[in-house]
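Topology and contacts: notes
Here is what each chain is made of, one letter per residue.
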Amino acid sequence: MAHSASPRENARRTADEQHYGEHVFRPQDEGEGDRIDLGALAYDATTTARLRELGVGPGWRCLDVGAGTGTVARALLREAGAAEVVAVDRDVRFLAAEPTPGLTALEADITSDGFAPGRFDLVHARFVLMHLPEPGRMIDRLAAMLAPGGLLVVSDAVDLTTRDSPENSFTSTMRAMWQGLHETIGTDVTWVPNCPRMLGTAGLQSVAAEIHVPPLVPGSPINRFWVETWQRARPAMTATGLVDEATIDDAVRCLDAPGFHGFSPGMLTAWGRRP
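Residues numbered from 1 in each chain as written. Predicted model: local features only at pLDDT ≥ 70, side-chain atom pairs only at ≥ 80, totals over all residues. Heavy atoms only, no water.

This part covers the overall build of the protein chain. Helix and strand content of the protein chain: nine helices and seven strands. Computed over its C-alpha atoms, the radius of gyration of the protein chain comes to 18 Å, within 12% of the 19 Å expected for a compact globule of 275 residues. Here the C-alpha coordinates of the protein chain stretch approximately 50 × 40 × 30 Å along the principal axes. For the protein chain, the residues scored as buried account for 52% of the 275 residues in total. For the protein chain, restricting intrachain contacts to residue pairs at least 6 apart in sequence, the fraction spanning at least 24 positions comes to 74%. Carbon and sulfur atoms make up 52% of the accessible area of the protein chain, which totals about 12,100 Å². The averaged location of the 36 negative side-chain charges in the protein chain is 5 Å from the averaged location of its 25 positive side-chain charges. (Helix = DSSP H or I, 4+ residues; strand = E, 2+ residues; numbered from the N terminus. Rg over C-alpha atoms; globule rule 2.2 N^0.38 Å. Buried < 20%, exposed > 50% of the residue type's maximum accessible area, 1.4 Å probe, protein only. Contact = heavy atoms within 4.5 Å. Areas by Shrake-Rupley, 256 points an atom, 1.4 Å probe, with all protein chains shown as cover. Lys, Arg positive; Asp, Glu negative; His and termini not counted. Charge placed at Lys NZ, Arg CZ, Asp CG, Glu CD.)

Printed below as a string of structure tokens:
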């Protein structure tokens, strides 16, 4: 079923023509692979458990979209027993660094009209669509890559930190991060709660969703992930006028404080099957 662009999606088209990984979160920057792996440590167990519970297993042919360093793709092969995983990213240097039997690294832009890698039993995308224009249209495209009976699983961030939360340096820094990323690379998480509806609009069945919120514990992977993310996004964050360097520094100290009470942004995972 075709998806009509919403006013929000149309507005995103007018943002600067920059992409994730070009000016912010560049894979060639020192430590970027480590930052991605911190996110993997925070979320992989939840992702792989959900995929296994949905039946992903031996013989499955999988497409991992925006595969990053390949932790989910390799888990599908080593733990779930998938027959093949095509791991696609705009830059595959992290994937190529660790060749794995059954893993095909595909360097491609999934927004390109020519992107047509075939049909799969599983199409998985985590923290990808939030950085792209027209997420509903991308869900339509990913759903079209499913074999009959195939499964689409999409995870993106939901913001639990800036609305109805106490004002402090942490919430101000998170708010500046989302706005700064929106203004530089088009990141938008406001549509994410509508993801299950979008899967239904794409013609998928047995649609369901869940949210995982990793606890903010000093020294934990998620705390370190946010610190590293803020370090790389500082120019975009301060350019919003919502925070200065001192506010970001204080937010970093909050994440190191045992008595700090706050929520990390959550991960909403939605899934559906092609008839």
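Let us now look at the nonpolar core. Formed by 62 residues in total, the largest nonpolar core has its most connected members in Val65, Val123, Leu129, Ile139, Leu152, Trp226 and Trp230. Of all hydrophobic cores here, the second largest spans 21 residues; its members include Val56, Leu76, Leu122 and Leu151. (Core = buried A, V, L, I, M, F, W, Y, C linked by side-chain atoms within 4.5 Å.)

Glancing now at the confidence of the model for the protein chain. The share of residues in the protein chain with pLDDT of 70 or more is 92%, and the mean pLDDT across the chain is 91. Confidence drops under a pLDDT of 50 for residues 1–16, and excluding neighbours within four residues, the segment shows 36 contacts in the predicted structure. (pLDDT = per-residue confidence, 0-100.)

Contact pair helix H6 (residues 169–185) / helix H9 (residues 245–255): the axes reach a minimum separation of 8 Å and the direction vectors enclose 120°. Classified by the interaxial angle, the pair formed by H6 and H9 is oblique. Here H6 runs over H9; the crossing is left-handed. Facing Ser169, Phe170, Ser172 and Thr173 of H6, the residues of H9 in contact are Thr247, Ile248, Asp250, Ala251, Cys254 and Leu255. Residues that form the contact of H6 with H9 fall into these classes: five nonpolar, four polar and one charged. (Axes fitted to C-alpha atoms, helices over the stretch in contact; angles between N-to-C directions. Parallel < 35°, antiparallel > 145°, perpendicular 65-115°, else oblique. Left-handed = near helix turned anticlockwise from the far one by under 90°. Nonpolar A, V, L, I, M, F, W, Y, C, P; charged D, E, K, R; others polar.)

Here we take up the packing of aromatic side chains. Any aromatic ring pair is given by two values, namely how distant the centres are and how the planes are angled relative to each other. Within this structure, the stated rule accounts for four aromatic pairs. The interplanar angle of 65° and the centroid separation of 5.2 Å between the aromatic rings of Phe170 and Phe260 together place this pair among those described as edge-to-face. Taken as a pair, Phe170 in helix H6 and Phe260 in the loop between H9 and strand S7 (266–273) lie far apart in primary sequence, 90 residues in all. For the residue pair Phe170 and Phe260, the accessibility class agrees, reading buried in each case. (Phe/Tyr/Trp six-rings, centres within 6.5 Å; stacked < 30°, edge-to-face > 60°.)

A word on the sheet that holds strand S5 (residues 146–158). Strands pair in a sheet through their backbones, by hydrogen bonds, and they do so in one of two ways: parallel or antiparallel. Across the sheet, seven strands lie side by side as S3-S2-S1-S4-S5-S7-S6; this open sheet has mixed pairing. Edge positions in the open sheet fall to strand S3 (103–107) and strand S6 (205–212), since each of these has one partner strand only. Across the sheet, the axes of successive neighbouring strands diverge by a mean angle of 15°, strand direction being ignored. Sitting on the sheet, helix H5 (residues 135–144) is in contact with strand S1 (61–65), strand S4 (120–126) and S5, with an inclination near 150° to S5. (Pairing = 2+ DSSP bridges.)

Here the focus is a nonpolar patch on the surface. Together, Leu160, Ile211 and Phe263 make up an exposed nonpolar region whose accessible area comes to about 300 Å². If you trace the backbone, Ile211 turns up in strand S6. (Patch = residues over 30% accessible without salt bridge, like charges linked within 9 Å, V, L, I, M, F, W, Y side chains within 5 Å. Salt bridge = Lys/Arg side-chain N within 4 Å of Asp/Glu carboxyl O.)

This next bit is on the environment of Ile185. The residue Ile185 is located in helix H6 in this model. Between the C-alpha atoms of Ile185 and Gly114, which are 71 residues apart in sequence, the distance is 22 Å.

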